[in-house]
Amino acid sequence: MIGFFTDNGNVRELNEDYFAYCIEDKFSLYIVADGMGGHNAGEVASKMAAEGIMKYIKEKIGKISIDNILEEAISNVNLDIYELATSQKGYGGMGTTLTAAFVYNNKIQIANVGDSCCFGLSNKGIDKLTRDHSLVQELLDSGCITEEEAKNHPRKNIITRALGTNNRVNADIIGMDKNEYDLFLLCTDGFANDLEKDEMWREIINSNDLNKSCEKLVEVVKQRGGRDNITVLVFGGESQNDR
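It should be emphasised that the depicted structure is a prediction, and the values quoted were computed from it without experimental measurement.

(A) Spotlight on the overall build of the protein. A count of helices and strands for the protein gives seven helices and 10 strands. Each principal axis of the C-alpha atoms in the protein carries an extent, and together these give about 50 × 45 × 35 Å. Evaluated residue by residue, the protein yields a buried proportion of 49% over its 243 residues. Considering only contacts in the protein between residues 6 or more positions apart, those separated by 24 or more positions represent 70%. Within the structure as shown, the protein displays about 11700 Å² of accessible surface, and the carbon and sulfur contribution to it stands at 43%. Counting 26 positive and 39 negative side-chain charges, the protein places the centres of these two groups 2 Å from one another.

See the structure below:
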């Protein structure tokens, strides 16, 4: 069970978000990325990240430790983006955020770099599983601002970590049983910033059509301003054999 929707939003002419997924016999992989940089460069970075990680895992699965393959894929594609950004005119300063979910055996690994994020949904509620790499998150963690102040902070768009901006990147990766949640939601900050968690949960958890629910939530974001690109991808936490 999978649903997704992406939109330029109300302001941006170009959609620099990118999402991808694959469902194989031995694993499944879901990725959402939010590019940044000069003219068209953000679009290049986000696509490189998603497609590069997908390609790396497909090629290396069964050849290297499956527990480390997502981390290695992220490191590999980070270097690819960095080398392009530093070697070709027009790509300087480009980078991308990333959130990815890698499902295998009875496990799921969630990775994130930047402020794209992942939520876990069950009948009991919704939990944010990733922690943003952003200035506002650091201010919140240090107690300098409240959660309410964080929602509309003027420097909300400043991230402290991204793929492609350095030759090395530190991705946060958490692992859990894949059946701990019924559904997982991956999204860019353009989606998460204008919705409350409970709004996402109410629309998604009992949905009979995840694509329509994703589109409906994106329309709510646009009604509230839609100043950024908006991307959301939802997939079921069911076992591989139940697909």
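(B) Summary view of the nonpolar core. Residues L29, I53, I57, I74 and L163 are the most contacted members of the largest nonpolar core, which totals 32 residues. For L163, the residues in contact, after removing those within four places along its chain, are A49, I74, V77, N78, I81, M94, G95, T96, L98, V113 and V169. With 21 residues, the next largest nonpolar core counts F119, L185, L195 and I204 among its residues.

(C) Focus on the sheet that holds strand β7 (residues 125–128). The five strands lie next to each other as β1-β10-β9-β6-β7, forming an open sheet whose pairing is antiparallel. Edge positions in the open sheet fall to β1 (2–7) and β7, since each of these has one partner strand only. On average, adjacent strands in this sheet sit at an angle of 15 degrees to one another, irrespective of strand direction. Sheet topology note: the strand β9 (residues 183–187)/strand β10 (residues 230–236) ladder contains five bridges and is antiparallel. Residue pairing for β10: L186 is matched across the bridge by L233.

(D) Spotlight on the packing of helix α1 (residues 41–60) against helix α2 (residues 69–87). Across the interface, α1 lies against α2 with an axial gap of 9 Å and an inter-helix angle of 140 degrees. Taken together, the axes of α1 and α2 are oblique relative to one another. In the packing of α1 onto α2, the handedness of the crossing is right-handed. Of the residues in α2, those touching α1 at V44, A45, M48, A49, G52, I53, Y56, I57 and K60 are I69, L70, E72, A73, I74, N76, V77, D80, I81 and L84. In terms of residue class, the contact of α1 with α2 is made up of 14 nonpolar, two polar and three charged.

(E) Spatial organisation of the sheet that holds strand β8 (residues 172–177). Strands sit in the order β2-β3-β4-β5-β8 across an open sheet of five strands; the sheet is antiparallel. Single-partner strands in this sheet number two, and they are β2 (17–23) and β8. If you compare each strand with its neighbour and ignore which way they point, the axes differ by 10 degrees on average. Across 10 bridges, the pairing between strand β3 (residues 27–36) and strand β4 (residues 95–104) is antiparallel. Bridge assignment links A33 to a residue of β4, and that residue is L98. Sheet strands touched by α2: β4, β5 (107–113) and β8. Its angle to β4, the strand with the most contacts, is close to 155 degrees.

(F) View of the pattern of salt bridges. Inspection of every chain in the model, using the stated rule, returns 10 salt bridges. For the salt bridge of R224 with E199, the shortest nitrogen-to-oxygen distance reads 2.5 Å. Within this pair, whereas R224 is found in the loop between α7 (210–223) and β10, its partner E199 is found in helix α6 (residues 197–204), the two being separated by 25 residues in sequence. Judged by relative accessible area, R224 falls into the partly exposed class, the value being 40%. Here E199 falls in the buried class, since its relative accessible area comes to 18%. In this structure, E203 engages K216 in a salt bridge whose closest nitrogen and oxygen atoms are separated by 3.4 Å. In this pair, E203 is assigned in helix α6 and K216 in helix α7, connecting sequence segments 13 residues apart.

(G) Quick look at the packing of α6 against α7. α7 packs onto α6 with a crossing angle of 150 degrees between their chain directions and a minimal axis gap of 9 Å. On the basis of the axis angle, α6 is roughly antiparallel to α7. The handedness of the crossing between α6 and α7 is right-handed. Along the contact surface, α6 presents E199, M200, E203 and I204, while α7 presents L210, S213, K216 and L217. Residue composition of the contact of α6 with α7, by class: four nonpolar, one polar and three charged.

The rules behind each value
- Residues numbered from 1 in each chain as written.
- Predicted model: local features only at pLDDT ≥ 70, side-chain atom pairs only at ≥ 80, totals over all residues.
- Heavy atoms only, no water.
- Helix = DSSP H or I, 4+ residues; strand = E, 2+ residues; numbered from the N terminus.
- Buried < 20%, exposed > 50% of the residue type's maximum accessible area, 1.4 Å probe, protein only.
- Contact = heavy atoms within 4.5 Å.
- Areas by Shrake-Rupley, 256 points an atom, 1.4 Å probe, with all protein chains shown as cover.
- Lys, Arg positive; Asp, Glu negative; His and termini not counted.
- Charge placed at Lys NZ, Arg CZ, Asp CG, Glu CD.
- Core = buried A, V, L, I, M, F, W, Y, C linked by side-chain atoms within 4.5 Å.
- Pairing = 2+ DSSP bridges.
- Axes fitted to C-alpha atoms, helices over the stretch in contact; angles between N-to-C directions.
- Parallel < 35°, antiparallel > 145°, perpendicular 65-115°, else oblique.
- Left-handed = near helix turned anticlockwise from the far one by under 90°.
- Nonpolar A, V, L, I, M, F, W, Y, C, P; charged D, E, K, R; others polar.
- Salt bridge = Lys/Arg side-chain N within 4 Å of Asp/Glu carboxyl O.

By themselves these figures say nothing about function.
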